[in-house]
Amino acid sequence: MSANSRLTIAAHALTWIGLYQRRGHEVATSEQIATSVNTNPVVIRRLLAELRKAGLADSRRGAGAGWMLARELAAITLLDVYQAIEPGPVFALHRATPDHECVVGHGIGPAMTAVYDGVEAALRGELAKTTLEDVLRDVLKAA
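The notes below deal with the structure included here. (Residues numbered from 1 in each chain as written. Predicted model: local features only at pLDDT ≥ 70, side-chain atom pairs only at ≥ 80, totals over all residues. Heavy atoms only, no water.)

**Structural notes on the pattern of salt bridges**
Pairs can form between side chains of opposite charge once their charged atoms are near each other. Our working definition: For this analysis, a salt bridge means a side-chain nitrogen from Lys or Arg found within 4 Å of a carboxyl oxygen belonging to Asp or Glu. Each helix is a run of DSSP H or I of at least 4 residues and each strand a run of E of at least 2, with the numbering of both proceeding from the N terminus. Between buried and exposed lies partly exposed: a residue is buried under 20% and exposed over 50% of the maximum accessible area for its type, with that area taken using a 1.4 Å probe on protein chains only.
Applying the stated criterion to the full structure yields 10 salt bridges. We note a salt bridge from Arg6 to Glu50, for which the minimum N-O separation is 2.8 Å. Of this pair, Arg6 sits in helix H1 (residues 6-22) while Glu50 sits in helix H3 (residues 41-53), and the two are 44 residues apart along the sequence. According to the relative accessible area criterion, Arg6 is partly exposed, its value standing at 28%.

Next comes the structure, spelled out in structure tokens:
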């Protein structure tokens, strides 16, 4: 099973747009962003459409079409991005109800839910501490 990279790609795209706008550009095309991410522009457009629905990105159609930030980088946390593209829980229980006559089948749900709730709370807490401004600062330090 491979790890999910959607949060990384979304943060990359938004941070790239923010830097591009700071350098005097109004909008960025999905092709430009896709070049930086090294993916297909369709992947970027789909992801940015989700981010637009969440109020993190905006788009312009027609002449001069492209993508822009809906908020400043300092006002967007990684938690905002995560919630926009991964609205469900990190982990899930069985799709089918386990056998309640089995001691493990009966108790696995509550036992795992307690662990998953703690993991989810820790994840959200950590993501809430970091803004995309922080990400850009760290990116520019590494450059």
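**Some thoughts on the side chain of Glu120**
To keep things clear, this is the line we draw: Working rule for contacts: check all heavy atoms of both residues, and any pair within 4.5 Å makes them a contact.
With respect to the secondary-structure elements, Glu120 resides in helix H5 (residues 103-128). On the basis of relative accessible area, Glu120 is assigned to the buried category, the value being 13%. Discounting chain neighbours no more than four positions away, the residues touching Glu120 are Tyr82, Gly88, Pro89 and Val90.

**Describing the packing of H3 against helix H4 (residues 78-85)**
Our working rule: Every axis corresponds to a line fitted to the C-alpha atoms, with the helix fit spanning only the stretch in contact, and the corresponding angles, defined between N-to-C directions, vary from 0 to 180 degrees. Throughout this description, any angle smaller than 35 degrees is read as roughly parallel, any larger than 145 degrees as roughly antiparallel, any in the 65 to 115 degree range as roughly perpendicular, and the remainder as oblique. Put simply, Ala, Val, Leu, Ile, Met, Phe, Trp, Tyr, Cys and Pro go in the nonpolar bin, Asp, Glu, Lys and Arg in the charged bin, and everything else, Gly too, in the polar bin.
Relative orientation of the contacting elements H3 and H4 amounts to 110 degrees, with a least axis distance of 9 Å. Overall, the two elements H3 and H4 adopt an arrangement that is roughly perpendicular. The segment H3 lies against H4, with Leu47, Glu50 and Leu51 engaging Val81, Ala84 and Ile85. Counted by class, the contact of H3 with H4 contains 5 nonpolar, no polar and 1 charged residues.

**A word on the packing of H1 against H4**
Short version of the rule: Crossings are assigned a handedness: left-handed for a near helix turned anticlockwise from the far helix by less than a right angle, right-handed for a clockwise turn.
Two numbers describe how H1 lies on H4: the axes approach to 10 Å, and their chain directions differ by 120 degrees. On the basis of their axis angle, the class for H1 and H4 is oblique. You can see that H1 and H4 cross each other, and the crossing is right-handed. Between H1, through Arg6, Leu7, Ala10, Ala11 and Leu14, and H4, the contact on the second element is made entirely by Leu78, Val81, Tyr82 and Ile85. The residue makeup of the contact of H1 with H4, split by class, is 8 nonpolar, no polar and 1 charged.

**Some thoughts on the packing of aromatic side chains**
Two numbers describe a pair of aromatic rings. These are the distance of the centres and the angle of the planes. Here is the rule we go by: What counts as a ring pair is set by centres within 6.5 Å for rings of Phe, Tyr and Trp (its six-membered ring), and what kind of pair is set by the plane angle: stacked under 30 degrees, edge-to-face over 60, tilted for all other angles.
According to the stated counting rule, one finds 2 aromatic pairs in the structure shown. With centroids separated by 4.8 Å and ring planes inclined at 25 degrees, the aromatic side chains of Phe91 and Tyr116 adopt a geometry described as stacked. With Phe91 in the loop between H4 and H5 and Tyr116 in helix H5, this residue pair connects regions lying 25 residues apart in the sequence. On the basis of relative accessible area, Phe91 is assigned to the partly exposed category, the value being 41%.

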